[in-house]
Amino acid sequence: DASCNAWQWCGPNSACESPNTCFKGLIDVERNCSRHGHWQGEGDSSRRPEPEPTPGYPCDVPQCRSNFDDSSWPLVNVPHDFVVSGDFDKRADKSHGYLPYGVAWYRRRLCLQDAVAISDGSKHSWLEFEGVMVKSKVWLNGAFLGSHFSGYTPYLLDISPAPLKSGCNNLLAVYVDATAPDGWWYDGGGIYRHVWLTTVPPAHIVPWGLYAPAKVVGHGENSADAEVSPRVELVNFFTTPKLVRIFCVVKEAGRFVMDQELSTWLAAGETVDVPLKTMHIEGANLWSPRSPALYEMTVQVWTTDPQQGGAAPDDEVTTTFGIRNVSWSPDSGFFINGVPTKILGTANHQDYAVLGVAVPDHLQVHRLRKLQQFGANAWRTAHNPPNEALLAAADRLGILVWDENHRNGQDSEMEVMIKRDRNHPSIVIWSICNERLCDTIDARGDAKRLKNIAHRLDPHMGRVVSANHNPFNGRATPVDLMGFDYGPEMYDKWHAEAPTVPAISSETSSAYSDRGLVFNNRLEGHVRDYDTEHPSWGQTAEVAWQAILSRPFVAGGFTWTGWDYRGEPTPYSWPDVNSHFGILDTAGFWKHRAHWYLACWTPASDAHVLHLLPHWNWDSNTTSRCVGSCIGHLVDVWAYSNLEEVELIHPNGTSLGRQKATQCSHVEWPSVAYMPGELSARGYVDGKVVKTSVVRTTGSPVALRIGIIDGVGAEGIVANGQDVGLVFVEVVDDKGDVVPTASNLITVSTQSGAVVLGTANGDPSSLEPNDSPQRQAFGGRLMAVVRPLPGASHATVVAEAKHLASATLQLKVLSNLGNL
């Protein structure tokens, strides 16, 4: 009937299902969708899906026309997430973080100095959108260029169908529809990744066409002889055959290593994948988490004589690559360069605090380093191909990557991910899909096909293909590496059913907590910060990782999650708007569980770890749950440590006992009587104190303290519309100690040189808009994101709160050419 409005795309060689029932949502795109077919269905015919216009078709709405008046529209910098700046709404979807989704238009003018050459075919030009969430359509000068319906994959659009103009008056219009998010988590909306315009001669390198696989042929942990066997995919859009000269140069840290050249004929209209000569490198520096050595390969193609004066290559592409040997054993796990390496990873969505999914490139480095601080060496890109800058950062920092395709059965998306990402040495696992995104009509058959695509496009780097999907585990698994999705009680069974297939815990734990809290509070939406809370499908960090680390055949695991993220506020709902799963909160501050991971993942021979919890501020003005005086109130005290023994010293000076400590566990003293003062723990090795940890009762808040978070902006912030600085604000007492129960309302502003993009405090129930400069402290802390203004030489950031001394911070502002 008219309320159903069920429409399905019926391919020319496949029968439609009965149109008299509402569509259930499962599309086998590979089998049932093409440009040849028709829509069939029942319902309101006015809502029948419109056919896709062809490139060059004139726009039929005002916003994509060149003469449309957009002078009242706000100016934004791309990458941009238009959803994140909305107001939280209890009526909006819980899993997407109670932020209303919608549609948006983007318009800008493009400069095209080669417009005539592009129009007559003597040059080729395309737009590359790295990511637009969710569905997008693009017009140039009023002519349709194309559309894309996946928010997680890049796409290319030829601009030649548009009527191009020389100069800077070419109007690009992009329509973005984010009303139907593609995941069950926050995925934002808008042009949230970079957009590039490329113009080249008709003979050029195909986008993502340079492949630089390296093979270790010698022996060594840090260096060994190696072979690099590059391939380059070329296309010739000339109307005549062309002799193409190819020059290839390899460098390391700017130092010449070797080069080669060759020539090949390309027929008119031909696309060819050209193998170059194998290049032998003696004593190559190997890439690993401990020593992430990188090389650089540049390939030029010429259709003219390079010796002619003023000649320039037709095209040039540079890629970084690394040389390493990875192997997988079904009995003993993962090896890199012959060294057994446990994968200590976290799974992460792509959003970040104030900015949503539009994360600046340099913040990808920050996000990875925060995880390295507590011992992580791996990142799973849940549940989609990541921002390219994240992979580049992982290469530089030595982070192992599980690179995840979004949906099973989507051949073209798998192909794009593999070709785009295959030169990154950090990637050691290709993933087909996650959980219900793996479900298709023939899930196993589709998984096998996508696995074969990965091996066809990336045959030389030793990467395995996996999935986070338990139905693929055990007998007749369609993947190279079984991915255990929780279920530690099943590990031994799955291994016994497929004893020749290696395995990893692709998603584990899902423990949840909120930074520094002692009690669960459903009304406020808070979870205690002990490693005790988890959903029915998950485990505490302690249980989850003991199951992994005690089994040599499990190559490692990925905790859900490293960072808190928007949406999925398990175990509660409103007023919570983001998850509690993270080891770090949304602002990047450590929860107590981060110290557990540090103690578990750090050998005592590398560093001594001892952390005491909870805080020691118990008075009737806090959420202490004691009436009147809190002296004598009973508190459960825990310690995380990688040492042999831990002793607890009460503020009255007496010892409350010395306990044996087991790594990846905890020690606890239940029901410790509170008295103000200093509670301390002593860590022992061989009977000697080697580490102490202290929590003390602070005074009342008297001032704010401000500073730069982890150096992000310490050397200056580039005023390019992209870079940002991260600023922390702390509420302190008269001795400078952070007051762990402080919740003062703080305003962050700038006196000059920058703007405050927003604030975050790590509280899942903080309902101030993300772009608000004002927010309550949570656990005595918050952070702010600031962006410099062009033309400034410095920025002044001020933090203020009623009845507290304010704090001021100076930041240096840089231009693209250096210090202004």
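As a reminder, the structure under discussion sits directly above these lines.
A brief structural summary.

Calculation criteria
- Residues numbered from 1 in each chain as written.
- Predicted model: local features only at pLDDT ≥ 70, side-chain atom pairs only at ≥ 80, totals over all residues.
- Heavy atoms only, no water.
- Pairing = 2+ DSSP bridges.
- Helix = DSSP H or I, 4+ residues; strand = E, 2+ residues; numbered from the N terminus.
- Axes fitted to C-alpha atoms, helices over the stretch in contact; angles between N-to-C directions.
- Contact = heavy atoms within 4.5 Å.
- Disulfide = S-S within 2.5 Å.
- Buried < 20%, exposed > 50% of the residue type's maximum accessible area, 1.4 Å probe, protein only.
- Phe/Tyr/Trp six-rings, centres within 6.5 Å; stacked < 30°, edge-to-face > 60°.
- Lys NZ or Arg CZ within 6 Å of the ring centre and 35° of its normal.

### Things to note about the sheet that holds strand S27 (residues 464–468)
Taken in spatial order, the eight strands of this open sheet run S27-S26-S25-S24-S23-S30-S29-S28, and their pairing is parallel. Every other strand in the sheet has two partners, leaving S27 and strand S28 (482–485) as the edge strands with one partner each. Geometrically, the sheet is characterised by an average inter-axis angle of 25° between neighbouring strands, direction not taken into account. Bridging between strand S26 (residues 427–434) and S27 involves four bridges; their strand directions are parallel. In the strand pairing of S27, Asn434 is matched with Asn468. Sitting on the sheet, helix H5 (residues 411–421) touches strand S25 (400–404) and S26, and the angle it makes with S26 is about 165°.

### Section: the state of the cysteines
One pass over the structure, following the stated rule, counts three disulfides. Two residues share a disulfide in this structure: Cys111 and Cys168, whose sulfurs sit 1.9 Å from each other. Its torsion about the S-S bond being 110°, the disulfide of Cys111 and Cys168 is classed as right-handed. With a gap of 57 residues between them, Cys111 in strand S3 (residues 103–112) and Cys168 in strand S8 (residues 167–177) connect regions that are remote in the sequence. Assessed through its relative accessible area of 43%, Cys168 is described here as partly exposed. The disulfide that involves Cys433 links it to Cys438, with 2.1 Å between the sulfurs. Because the torsion about its S-S bond is 110°, the bridge between Cys433 and Cys438 counts as right-handed. With relative accessibility at 0%, the residue Cys433 sits in the buried group. Given the relative accessible area of 0%, Cys438 is considered buried.

### Section: helix H9 (residues 592–601)
For H9, a buried count of 10 out of 10 residues is recorded, marking the element as mostly surrounded by other parts of the structure. Residues of H9 that are buried include every one of His592, Arg593, Ala594, His595, Trp596, Tyr597, Leu598, Ala599, Cys600 and Trp601, and no others.

### Considerations on the pairing of strand S23 (residues 343–348)
Among the six residues in S23, six count as buried, and that is most of the element. Here S23 runs beside strand S24 (residues 378–381); their pairing, made up of four bridges, is parallel. By the bridge assignment for S24, Asn348 is matched with Thr381.

### Points about the packing of aromatic side chains
Tallied over the entire structure, the rule returns 28 aromatic pairs. For the ring pair Trp638 and Tyr640, a centre distance of 6.2 Å and an interplane angle of 85° mean the geometry is edge-to-face. Using a relative accessible area of 0% as the deciding quantity, one classes Tyr640 as buried. An aromatic cluster is present here, built from Phe374, Trp545, Trp590, Trp596, Tyr597 and Trp601 joined pairwise through their rings. Lying over the aromatic face of Phe238, Lys242 brings its terminal NZ or CZ to 4.5 Å of the ring centre.

### Some words on unusual backbone geometry
Here the bond from Trp560 into Thr561 is cis, since omega is -5°, no more than 30 degrees from zero. Within the secondary structure, Thr561 sits in the loop between strand S30 (554–560) and H9. A cis geometry characterises the amide bond from Trp574 onward to Pro575, with omega recorded as 15°. Inspection of the secondary structure assignment puts Pro575 in the loop between S30 and H9. In the Ramachandran plot, Ala476 falls in the positive-phi region, its phi being about 55° despite a non-glycine side chain. Among the secondary structure elements, Ala476 is positioned in the loop between S27 and S28. Overall, the relative accessible area of 62% leaves Ala476 in the exposed class. A positive phi is found at His803, a non-glycine position, where the angle reads about 70°. Along the chain, His803 turns up in the loop between strand S45 (794–801) and strand S46 (804–815).

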